[in-house]
Amino acid sequence: MKYSLLLNNQRVEVEAPGDISLLKLLREYLHLTGTKEGCDVGECGACSVLLDGKLVNSCMVLAAQAADREVITIEGVCLPDGSPNDLQQAFIRYGAVQCGFCTPGMILAGEALLADNPQPTRTEIREAIAGNLCRCTGYQQIVDAIEQTSLSRKEKKGHA
Amino acid sequence: MESFETIRATSVSEAMTLLNEPGLRSRALAGATDIMLLLRHDPHYCDRLVDISLIPELRKIEEQNGRVIIGAAATFNEVMESPLVQQTAPALVQACHSVGAVQIRNMGTLGGNVVNAAACADSLPALICLDASTSILTPAGGQSMPVSRFVTRPNHTLLPSGGLLLSLSYPIPASGSRSAFLKLGRRNAMAISRLTVAALGRLNDDGRIAEARLVTGSATPSIERLAAVEELLLGEAPSDLLFNLAARATVAEMLRLSGRRWSSEYKIPALEAMTARILGQVFPLAAA
Amino acid sequence: MPEYRFIGKPADRVDALEKVLGSAMYIADYFVPGMLLARTIRSTLPHARIKRIDLSAALKIPGVVAAITSEDFVNHGRFGYPVEDMFMLAYERARYVGDGIVSIAAETESALQQAVDAAVIELEELPAVFDMTHALDPSSALIGEQPADAEGYPRGNLLNQYAVRKGDPAHELSTCAVTLEAEYSTMHQEHAYLEPEGALAIPESDGSLTVYASCQSPFLNRANLVKVLGLPEGRVRVIQPVVGGAFGGKDDLMYQISAQVARLAQLTGRPVKMILPREESMIASYKRDAMQMHIQLGADASGRLRASRIHALVDSGAYSSITPFTAWRSSIHAMGPYRYDACHVDTDVVYTNNGYSGAFRGFGNAEVCFAIESAMDELALKLGIDPIDLRLQNCLLPCDITAHGQKLGDDVGLAECLDEVRRLSGWQHKHPLYTSEASKAPIPGELRRGIGVAALFHGISLGAEGADFAAGTLEVNPDYSLTLTSGLTDYGTGSRTTFTLIAAETLGLDPNRFVMPRPDTNSAQDSGPTVASRATVLGGNATRVTAEQLSQLLNQAAADLFACRPAEIIRHGELFIGPGEEPASFEKVVDHARKIGLALSSRGRWSAPEISWSMQKGQGKPYFAYHYGAQVAEVLVDTGTGKVDVTGFWAVHNTGKVIFPQGAYGQLFGGIAQGLGYALMERVDFDQGYLQATNFDEYLIPTSMDIPDIQGEFVEKPFSAGPYGAKNLGETGLVPAAPAIVNAIANATGRRIRSLPANLERVLLGRDLRKEGSSTACKLGLK
């Protein structure tokens, strides 16, 4: 079938089978490989994307369900010039990245949280990333990175 | 080439037409979180999926005639964030909150949880505790039945072929009621329930129990209000002793309904502790 | 301590940018034109004779291009180290559920699935062994091979035996005022790297092969490929893409996958890629070994430890893999970091049909640390001594002699770790409080607090397990950047950043000038396997030596420029200063070197200090040095349900100088998280050889909600043989976490759990309950 979606703020059209997951559509037909497959059963969160602004596991969404809707993947998080945004920079600075396989999903989970709740507590941050497994970091530096981004965004807003 | 097709319905009537086309095995698709797992092992599970998740009237959460009506395609997150549900049914809010993590709660729906009817479905004990009913549309017309009757046993419901669950509704509990839900899992998020308990209670003016409802999950093959326990509580004054008696009665009901299993040795003391605890939450003890 | 410019200072990981942008290329992200997809058909029986394989029907399916068996490899693809008992595809016998038998390459996934369904593999079920305590019974089926190999093992199902011998513990124990005797057990553990295994082989036009493999050790991979493909070394190139976690788990199975796609690529002349689905990864991959440990400890009434006697049994599963090394390491660490008058350790390693065991972070020490640190707490209770005091009274100190007869150096900092973790955690106040709370009669269903400690020592690098060296290269590029390589790889640990900082510090050049390309056997130098906490000390020293050599070349060029002696050159930042002249920039010195024909490249190699171990005497110097540490866990136990929440965690580790702090904390926190999973929830259940949990819905690892904020500190006592005084730390965070948590549970409840994991049932009932096992998950996962 022919899919049309608003992907990372661009209208895209692609021909692909009608019975595949959004994850497969993104990776194999749209060549956006930043979205990772870790379990294919909705348990690890490595394939997290934003669907109409909501965090979802793209392995648990049929591509057909995403048709004509807005999808943001990790490739759509950076600044227009391709450089990392503030949350991505915080992930680098606070050591939130080790093997990096969970990182795209974690960053999207962080963005989804901060859009919803700009001043989360550490517990709220932990809850917001609870569907994103990480085997390397023990999560602490990821929580640090999200917390620091929330603080710096607040400060920026205050100055604006 | 494709093992099934997916069609998005924009209205209930369109969904009904799509679901009832002769010669096709059709299934309604809402949050997809259960169906994707079935399709993974059996791509030929059905011929057509009818995506009902974006039909506006199936996402509504509203109050009508003293009942809260929740569209079947409302997601767990929408239910738990609804002020109406928060005011009237903390047990349901807590149950939805305990499902998976953000990703699952953003896609998974209350209706899907009920229709899939997993033995460990977190919403079922809360809904049954709230005396919730289903509203079903079939090609022959509409019908309604309590959730406790609709779900017959794990993974089995009375949803007729070609039928669509439209909504779930519960009567708004009398003022002064409290409800709660407790879940026990092997970790603090993304956990399958080992045991759940939902309870609702109300005291009369002289501090005695005027209403008591108790439902357990992941404990018995069919989920229902435990009448024997509720009777034991009614008319009594809340006390730790009473809660412990009720907790023991709850365990006796679990054993009566499901017999002894490999896990019974664990579930007996654990359910007893959880029951006593939840009763303490819905029936506040008078200040000593 | 000297002041450094880059070492120990805030730095960014060299590979973090591509990872946060989502542009880092993992193996599954490679799509090349004409690429075939491959899958391996695996045994659904725990032990079977391969009677007949008929692939004719499978090969007739449109889109199916090639299929291979063990017959397609030289010597049936036999490989393995230290025991050559594995095959690239099972030969004659399949020895565990998940053992690969046939690999197929096809154009599409659906053709591949049809081929898998059409392939005929007739298996004749053989008797199997699942209980390690009966593996050595004369009546047990034989899993290992006969006869013994040249090294003297294996002998039937006995893979090997290890011993430590000091004095006569039986005699000492008979005269001790207080003794303890207890049995402990640990389960297998799944690595659960978020990225499953995968490899891509590309046949080149000159007949050579390039293999991209998500493996830990590209050089070992190439050595195996050369052996089983019959190609000369120069014709096989292994490149490691970005690896999504390994923790010891991406060796043997990755070599098999690499060989399978390589052979299929050779036969078809096309690129072939294989990516394992999670279920296949969990079923086919090796695990941490399971162990049973019987411990006797004896002390005098004042708490002075006098003797330990330990007997351990290790389940290696169906193949040896690296278990002889992990088991040897466990025997060396089994008595813990304490002084004894007498100590005997005996370890038996056996074959069973429970999958197979191999390397996993902690490498034998996580298992025995759980046992000895639990036993120390039990002994402390008997003696009426505070658990930290008992450890402080007996722990190894600088220049002590260990139970192995090894005289330690001045780098030992365990007492400092114990003191500091006591202070950080508020132990002095909490331990007596929680102990007195636990002694009161329980109120039904109440929540109880507990606090527990565990200490560790961990031998650095391979020890007497194998040749211990590393090598590196450095080269100044035309654009004045520098290319640094190491034969030790970075699969998420941060070692590339550590090496970059060491090279920058040594050369006095900005870290941003350095580039570390993906590990590639064509450009890097063989450095042995990247396992066993080797990277920082071995790779770091090799980098330092390589950088020192280049630094000398640069000084030589500067001296020529300034017409002075190299020894007169002084460095300031990136500047080279000679006597009485304007300083020269790095660029100017490089230009001058080129002008005078001085090649600015270096190769360095560092070999670890001498070690020795006598298997006969059970004495020697097993490791050149040890890392020490102490951890404290605080828990809240729901006595109604057995649910345990870890509410606080403190870790103090004696690491030597910390080179890359962000990475060091990351290793510490991540290790503790894996140890927390090991302690409370992770279970690899084999039932009749069938794995019960095959994906993350059943195999539970900790989420962000299961781990508290951890407070970590490092005791930076410099280690003279380490680069800039550093020791390794990759494995050590994990090792004491489980006993610290289980000791805290015992403190809260008064009940001792001697088997891992301390799950709901064990905490509430004191024993485990097991659901009836089934083969369904495995059969579905391998379909």
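Residues numbered from 1 in each chain as written. Chains lettered and ligands numbered in written order. Predicted model: local features only at pLDDT ≥ 70, side-chain atom pairs only at ≥ 80, totals over all residues. Heavy atoms only, no water.

Enquirer: Please clarify how the interface of chain B and chain A should be interpreted in this entry.
Expert: Many descriptions give the size of an interface as the accessible area lost when the pieces come together. Taken residue by residue, the interface counts 29 residues in chain B and 34 residues in chain A. Between the two partners, chain B and chain A, sit three salt bridges. In this structure, Arg187(B) and Glu43(A) form a salt bridge, with 3.8 Å as the shortest nitrogen-oxygen distance. Of all the elements in the fold, those that place two or more residues in the side of chain B that touches chain A are strand E1 (5-8), helix H2 (35-41), strand E3 (48-51) and helix H6 (102-107) of chain B. Top element by residues in the side of chain B that touches chain A is H6(B). It accounts for six residues. Broken down by class, the residue content of the side of chain B that touches chain A amounts to 15 nonpolar, eight polar and six charged. (Contact = heavy atoms within 4.5 Å. Salt bridge = Lys/Arg side-chain N within 4 Å of Asp/Glu carboxyl O. Helix = DSSP H or I, 4+ residues; strand = E, 2+ residues; numbered from the N terminus. Nonpolar A, V, L, I, M, F, W, Y, C, P; charged D, E, K, R; others polar.)

Enquirer: What's the story with the domain arrangement of chain A in this structure? I'm lost.
Expert: Residue and element names in this part refer to chain A. Domain boundaries in chain A define domain 1 (2-76) and domain 2 (86-159). For domain 1 versus domain 2, the separation of C-alpha centres amounts to 22 Å. Counting from both sides, the interface comprises 15 residues of domain 1 and, opposite them, 11 residues of domain 2. Of all residues in domain 1, Lys36, Leu55 and Ile74 give up the largest surface area on contact with domain 2, accounting jointly for 42% of the area buried on that side. Linking domain 1 with domain 2 are zero salt bridges. The interface formed by domain 1 and domain 2 includes four residue pairs in polar contact (both at pLDDT 80 or more). At three residues, the largest contribution of residues to the side of domain 1 that touches domain 2 is made by strand E3 (residues 48-51). Tallied by class, residues from the side of domain 1 that touches domain 2 come to seven nonpolar, five polar and three charged. (Domains from an automatic or database assignment. Buried area = accessible area lost by both parts, 1.4 Å probe. Polar contact = N/O pair within 3.5 Å; in protein donor to acceptor, adjacent residues only side chain to side chain.)

Enquirer: How do you make sense of the domain arrangement of chain B when you look at a structure like this?
Expert: Residues and elements named next belong to chain B. Under the domain assignment, chain B is made up of domain 1 (5-51), domain 2 (58-171) and domain 3 (178-282). Using only C-alpha atoms to locate each centre, domain 1 and domain 2 end up separated by 19 Å. When domain 1 packs against domain 2, the two sides together hide about 930 Å² of surface, and 73% of this comes from carbon and sulfur. Here domain 1 is connected to domain 2 by zero salt bridges. The interface formed by domain 1 and domain 2 includes two residue pairs in polar contact (both at pLDDT 80 or more). Listing elements by their share of the side of domain 1 that touches domain 2, those giving two or more residues are helix H1 (12-19) and strand E2 (26-29). A per-element tally of the side of domain 1 that touches domain 2 places H1 first, with four residues.

Enquirer: When you look at the packing of helix H3 (residues 86-93) of chain A against helix H4 (residues 103-116) of chain A in this model, what are you seeing that I'm missing?
Expert: Two numbers describe a pair of packed helices, the interaxial angle and the distance between the axes. All names here are of chain A. Close contact between H3 and H4 brings their axes to 10 Å; oriented N to C, the two are set at 125°. The angle between the axes of H3 and H4 places the two elements in the oblique class. Crossing handedness for the pair H3 and H4: right-handed. Residues Leu87, Gln88 and Phe91 of H3 form the contact with H4, whose own contacting residues are Thr103, Met106, Ile107, Gly110 and Glu111. Looking at the contact of H3 with H4, its residues break down into four nonpolar, three polar and one charged. (Axes fitted to C-alpha atoms, helices over the stretch in contact; angles between N-to-C directions. Parallel < 35°, antiparallel > 145°, perpendicular 65-115°, else oblique. Left-handed = near helix turned anticlockwise from the far one by under 90°.)

Enquirer: Which parts of the structure should I look at to understand the sheet that holds strand E28 (residues 644-654) of chain C?
Expert: Within a sheet, adjacent strands bond to each other through the backbone by hydrogen bonds, running parallel or antiparallel. Residue and element names in this part refer to chain C. With respect to topology, four strands assemble into an open sheet ordered E18-E27-E28-E31, the strand pairing being mixed. Each edge of the open sheet carries a strand with a single partner, namely strand E18 (447-459) and strand E31 (710-715). Averaged over all pairs of adjacent strands, the angle between strand axes in this sheet comes to 15°, irrespective of strand direction. Here strand E27 (residues 626-638) pairs with E28 via 10 bridges, running antiparallel. Paired with Val637 across the two strands is Val644, which belongs to E28. Sheet contacts for helix H17 (residues 737-749): E18, E27 and E28; angle to E18, the most-contacted strand, approximately 150°. (Pairing = 2+ DSSP bridges.)

Enquirer: Can you help me understand the pairing of strand E7 (residues 100-106) of chain C in this one?
Expert: Remember that side chains alternate between the two faces of the sheet whenever the strand is regular. Residue and element names in this part refer to chain C. By the criterion of burial, E7 is predominantly enclosed, with seven of the seven residues buried. Where strand E1 (residues 36-42) meets E7, six bridges bridge the pair, whose relative direction is antiparallel. Its bridge partner lying in E7, Thr40 is registered against Ser103. Bridge count between strand E3 (residues 64-68) and E7: four bridges; the pairing is antiparallel. Across the sheet, residue Val64 finds its bridge partner in E7, namely Ala106. (Buried < 20%, exposed > 50% of the residue type's maximum accessible area, 1.4 Å probe, protein only.)

Enquirer: Honestly, the interface of chain C and chain A in this entry has me stumped. Any pointers?
Expert: Contact with chain C, which involves 53 residues of that partner, is made by 46 residues of chain A. Taken together, the links from chain C to chain A amount to six salt bridges. Across the salt bridge formed by Arg27(A) and Asp29(C), the nearest N and O atoms sit 2.8 Å from each other. Our enumeration of links across chain C and chain A arrives at 30 residue pairs in polar contact (both at pLDDT 80 or more). Among the secondary structure elements, those contributing two or more residues to the side of chain C that touches chain A are helix H1 (16-21), helix H7 (278-284) and helix H16 (661-680) of chain C. Its residues placed into classes, the side of chain C that touches chain A shows 27 nonpolar, 14 polar and 12 charged.

Enquirer: Any chance you could explain the environment of His592(C) here in plain terms?
Expert: All names here are of chain C. By the secondary structure assignment, His592 is in helix H15 (residues 586-595). Taking the C-alpha atoms as reference, His592 lies 7.7 Å from Ala558; in sequence the two are 34 residues apart. Setting aside residues no more than four positions away along its own chain, His592 makes contact with Ala557, Asp560 and Leu561.

Enquirer: I'm lost on the packing of helix H5 (residues 218-229) of chain C against helix H6 (residues 252-268) of chain C in this one. Help?
Expert: All names here are of chain C. Direction vectors running N to C along H5 and H6 enclose 45°, while the axes themselves pass 10 Å from each other. With respect to their mutual orientation, H5 and H6 come out oblique. When you trace H5 past H6, the crossing you get is right-handed. Between H5, through Leu220, Asn221, Asn224, Leu225, Val228 and Leu229, and H6, the contact on the second element is made entirely by Tyr255, Ser258, Ala259, Ala262, Arg263 and Gln266. When its residues are assigned to classes, the contact of H5 with H6 shows seven nonpolar, four polar and one charged.

Enquirer: Help me understand the sheet that holds strand E19 (residues 469-476) of chain C, please; the structure alone is not making it clear to me.
Expert: Residues and elements named next belong to chain C. Reading across the sheet, the four strands line up as E21-E20-E19-E24 and stay open at both edges, with mixed pairing between neighbours. Bordering the open sheet on either side are strand E21 (514-515) and strand E24 (601-607), each of which pairs with just one other strand. Examined bridge by bridge, E19 and E24 share seven bridges and lie antiparallel to one another. Within E24, the residue paired with Leu474 across the bridge is Ser602. The strands that helix H14 (residues 535-562) touches are E19, strand E20 (482-486) and E24; relative to E24, the one it contacts most, it runs at about 145°.

Enquirer: Which parts of the structure should I look at to understand the nonpolar core?
Expert: Nonpolar side chains in soluble globular proteins tend to end up buried together. Grouped together as the largest cluster of nonpolar side chains are 176 residues, with contacts concentrated most on Phe91(A), Ile741(C) and Ile745(C). For this core, the element with the highest residue contribution is helix H9 (residues 365-383) of chain C, accounting for 10 residues. The next biggest cluster of nonpolar side chains, apart from the first, holds 52 residues, and it includes Leu474(C), Leu509(C), Ala535(C) and Val590(C). (Core = buried A, V, L, I, M, F, W, Y, C linked by side-chain atoms within 4.5 Å.)

Enquirer: Explanation requested: the packing of aromatic side chains in the structure shown.
Expert: Here the distance between the centres and the angle between the planes together describe a pair of aromatic rings. According to the stated counting rule, one finds 20 aromatic pairs over all chains in the structure shown. Look at Phe101(A) and Tyr26(C): their rings are 5.1 Å apart centre to centre, the planes differ by 85°, and that puts the pair in the edge-to-face class. In this pair, Phe101(A) sits in the loop between H3 and H4 while Tyr26(C) sits in the loop between H1 and E1, so the two residues belong to two different chains. Tyr26(C) gets classed as buried once you look at its relative accessible area, which sits at 1%. With 6.5 Å between their ring centres and 75° between their planes, Trp606(C) and Phe624(C) make a pair best called edge-to-face. Of this pair, Trp606(C) sits in strand E24 while Phe624(C) sits in the loop between strand E26 (619-621) and E27, and the two are 18 residues apart along the sequence. Accessibility expressed as a relative area gives 13% for Trp606(C), which makes it buried. Arg605(C) extends its terminal NZ or CZ atom over the ring of Phe469(C), reaching a point 3.9 Å from the ring centre. The lysine or arginine in question, Lys727(C), covers the ring of Phe719(C), its NZ or CZ lying 5.9 Å from the ring centre. (Phe/Tyr/Trp six-rings, centres within 6.5 Å; stacked < 30°, edge-to-face > 60°. Lys NZ or Arg CZ within 6 Å of the ring centre and 35° of its normal.)

Enquirer: Whenever I open this one, the pattern of salt bridges confuses me. Can you help?
Expert: Should their charged atoms come close, side chains of opposite charge can pair. One pass over the full model with this rule turns up 72 salt bridges over all chains. Two residues, Glu147(A) and Arg122(A), come together in a salt bridge whose shortest N-O distance is 2.6 Å. Pair noted here: Glu147(A) is in helix H6 (residues 140-159) and Arg122(A) is in helix H5 (residues 122-128), with a separation of 25 residues, a long-range link. Residues Asp47(B) and Arg25(B) are paired through a salt bridge, measuring 3.2 Å at the closest nitrogen-oxygen approach.

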